[in-house]
Amino acid sequence: MDLFKEVSIEDFNTRFFNELNAVQEFVQYNDPDDFFDPEKEYGDHIMRCQKSELDFIRSTMKANMASRGITLTSEEFTAIFQSKREEIIRSRPDGIEKYIQGITVNYIDPEVNECRHKYLPLCWLCRFWKYLQSFKK
């Protein structure tokens, strides 16, 4: 019994990697008292994508079961679900590592003055421009 007739492994992978690659850049505003762990940031994103994928696998199974009038015990459902999940994971052995290598983390220190320039007139001009822009808000 194939509960995934309409959805191939490639479909699952395409969906997963589209969602995963939607965020390739992480920005951290560094507070002097905070420690930023970039692995936590992109790790959380990867976990959200994996949870979304698990939910999609479950919903695909349930929709196909309902359309065919199939009933399964929770143990049977779990066994089929796990088998499909493992098959999907085996089909992309290094996809997440490639994603991790491609991301960037930008650190922005709020205490660094944006108007630091080599030449004093440019520094004043920058500060004056920031002052004028503050009236727009």
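Residues numbered from 1 in each chain as written. Predicted model: local features only at pLDDT ≥ 70, side-chain atom pairs only at ≥ 80, totals over all residues. Heavy atoms only, no water.

Enquirer: Would you mind going over the overall build of the protein chain with me for this structure?
Expert: Tallying secondary structure elements over the protein chain gives 5 helices and 2 strands in all. Mapped from its N terminus to its C terminus, the protein chain presents α and β elements in the order α-β-α-α-α-β-α. Split into buried and exposed, the 137 residues of the protein chain put 28% on the buried side. Counted over contacts in the protein chain with a minimum sequence separation of 6, partners at least 24 positions apart contribute 79%. (Helix = DSSP H or I, 4+ residues; strand = E, 2+ residues; numbered from the N terminus. Buried < 20%, exposed > 50% of the residue type's maximum accessible area, 1.4 Å probe, protein only. Contact = heavy atoms within 4.5 Å.)

Enquirer: Would you mind going over the packing of aromatic side chains with me for this structure?
Expert: For any pair of aromatic rings, the description consists of the separation of the ring centres together with the inter-plane angle of the planes. Here the structure, examined in full by the defined rule, presents 3 aromatic pairs. Judged by centre distance (6.0 Å) and plane angle (70°), the ring pair of F4 and F12 falls under edge-to-face. Centre to centre, the rings of F16 and F17 are 5.2 Å apart; their planes meet at 75°, and the pair counts as edge-to-face. You can call F16 buried: its relative accessible area is 2%. (Phe/Tyr/Trp six-rings, centres within 6.5 Å; stacked < 30°, edge-to-face > 60°.)

Enquirer: Where do I start with the packing of helix α1 (residues 9–20) against helix α3 (residues 74–90) in this structure?
Expert: If you want to describe how two helices pack, look at the angle between their axes and the distance between the axes. Put simply, α1 and α3 touch, their axes get as near as 10 Å, and they point 70° apart. Put simply, α1 runs roughly perpendicular to α3. The handedness of the crossing between α1 and α3 is right-handed. Along the contact surface, α1 presents I9, F12 and N13, while α3 presents K84, E87 and I88. For the contact of α1 with α3, the per-class residue count stands at 3 nonpolar, 1 polar and 2 charged. (Axes fitted to C-alpha atoms, helices over the stretch in contact; angles between N-to-C directions. Parallel < 35°, antiparallel > 145°, perpendicular 65-115°, else oblique. Left-handed = near helix turned anticlockwise from the far one by under 90°. Nonpolar A, V, L, I, M, F, W, Y, C, P; charged D, E, K, R; others polar.)

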